[in-house]
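Below, each chain spelled out in residue letters.
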Amino acid sequence: MSQTNKLKIFNDPIYGFITIPNSLIYDLIQHPYFQRLRRISQMGMSYLVYPGAHHTRFHHALGCMHIMQKAVQTLQFKGVAISEEEENALYIAILLHDIGHGPYSHAMEHSIVEEVHHEELSLLFMEQLNKEFEGKLALAIQVFKGEYHRKFMLQLISSQLDMDRMDYLKRDSFYSGVAEGNINSERLIQMMNVQDDYLVIEEKGIYSVEKFLVARRLMYWQAYLHKTSVVAELILTKILKRAKELTQKGNVLPCSESLQFFLQNKISLTDFDKSVLDKFSYLDDYDVLGAIKAWQFHDDFVLQSLCRMILNRDLLKIQMTDDKPNKDNLLDIKNKYISLAKISDKEADYFVFKGKLKNQAYSKSSEPIRILKKDKTIEDVVEASDQLHLKALSKPVTKYFICFPKVVLES
């Protein structure tokens, strides 16, 4: 295949045309591991709240690569030396940063793949691709792991103002229709520079950073931590947990071969060899949704009830509070449901439970967002800003919740 065929363009509703910088990137995008991201939604169950939120991780990864190209151009224009090899490593690392996400990723991480986080899987996928591409991803992996000597390169991929956040805020705001999340990523990128090997934002870009942090906080409460999205994801986690529990007891539940494998086996990070990684790469949203459609007819009360809740969007009631929920109150609700549904105490745990949510738009303990002042000194954005609310944004806000079936209120 000739090189010219590989320099394709994608039409993106947010940035317009996205170009593929070279044939290696094209080949990575074409790889089945990456194509699978077309079948994994970016915002999980949020479409139950915002019907437009059906965009995929494939779309997001391409967007990240596009704005990384813009960032590299800006930095090079300002005299920051970035070699062709380093540039390529940045594109590859950002393109593949989310490749380890499973279907409805956070629900998977807490149910059928034992405590294996998507970042760890992304690294395994990158290492496997590096073998297949004869070591061409070595520098990208080094940057991704934070082992490369130029610190600012990792900050472009993973920090409090990285390309990942810049794309998902703009993209998720666009597709969900939550306008408060829309940020001026072009302005932020134009204001970037590198000083003492750190990524900095020039002082005149400070208002754009403030807007970015406020947008992030609002997107968390309005979209990512919206109570309906939260309860839907928790129900999904419980469905997968219950399916795993039943499978381990010898029940064979109808589902795809790959999903069956993860239900039957206890898989931790050390178990991920090439064959397990491949099995994981065959999993996507369709496996999970297809299984839920089949399981709604299963004779297990817990499994069928939870599946119907998701399919018919008739979810558990979720009540948010600022204080920790009262244990006695929760126990009363649970006992009421046990007698109503004629189920055991253990089964009732699938329907009545508590939890908490934490939202922190800016963390002072992580790598700070640095503002480059006119006198060439560097200051943390919270100190540099004259906005008092930035100090408030760096305090974590915790909300508590309880979930239970609506029927308890009606009885």
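Residues numbered from 1 in each chain as written. Predicted model: local features only at pLDDT ≥ 70, side-chain atom pairs only at ≥ 80, totals over all residues. Heavy atoms only, no water.

What about the overall build of the protein chain?
Thought 1: For the protein chain, the helix and strand inventory stands at 21 helices and nine strands.
Thought 2: Here the C-alpha radius of gyration of the protein chain, 23 Å, is about what a compact globule of 411 residues would show, namely 22 Å.
Thought 3: Across its three principal directions, the C-alpha atoms of the protein chain cover 70 × 55 × 35 Å.
Thought 4: When the 411 residues of the protein chain are sorted by exposure, 57% land in the buried category.
Thought 5: For the protein chain, contacts bridging at least 24 residues in sequence account for 71% of all contacts bridging at least 6.
Thought 6: Carbon and sulfur atoms make up 51% of the accessible area of the protein chain, which totals about 18,500 Å². (Helix = DSSP H or I, 4+ residues; strand = E, 2+ residues; numbered from the N terminus. Rg over C-alpha atoms; globule rule 2.2 N^0.38 Å. Buried < 20%, exposed > 50% of the residue type's maximum accessible area, 1.4 Å probe, protein only. Contact = heavy atoms within 4.5 Å. Areas by Shrake-Rupley, 256 points an atom, 1.4 Å probe, with all protein chains shown as cover.)

Observations concerning the pattern of salt bridges
Thought 1: Inspection of the entire model under this criterion finds 22 salt bridges.
Thought 2: The partner of Glu-203 in a salt bridge is Lys-374, with the nearest N and O atoms 3.8 Å apart. Of this pair, Glu-203 sits in the loop between β4 (198-202) and α11 (206-224) while Lys-374 is found in the loop between β7 (370-372) and β8 (378-380), placing the two residues 171 residues apart along the sequence.
Thought 3: Here Lys-274 ties to Asp-278 by a salt bridge, and the two come within 2.6 Å at their closest N and O atoms. With Lys-274 and Asp-278 both in helix α14 (residues 274-281), this residue pair falls four residues apart, about one helical turn.
Thought 4: Using a relative accessible area of 14% as the deciding quantity, one classes Asp-278 as buried.
Thought 5: Connected through salt bridges with shared partners, the residues Arg-242, Glu-245, Lys-249, Asp-300, Lys-346 and Glu-347 form a single ionic network. (Salt bridge = Lys/Arg side-chain N within 4 Å of Asp/Glu carboxyl O.)

Quick word on the sheet that holds strand β5 (residues 317-321)
Thought 1: Across the sheet, three strands lie side by side as β5-β9-β6; this open sheet has antiparallel pairing. Pairing within the sheet leaves two strands with one partner each, and these edge strands are β5 and β6 (353-359). The mean inter-strand angle of the sheet, taken between neighbouring strand axes irrespective of direction, is 25°.
Thought 2: Note: β5 against strand β9 (residues 397-404), five bridges, orientation antiparallel. Its bridge partner being in β9, Lys-317 is matched across the sheet by Phe-404. (Pairing = 2+ DSSP bridges. Axes fitted to C-alpha atoms, helices over the stretch in contact; angles between N-to-C directions.)

Honestly, that's just the spatial picture; any functional story needs more than this.
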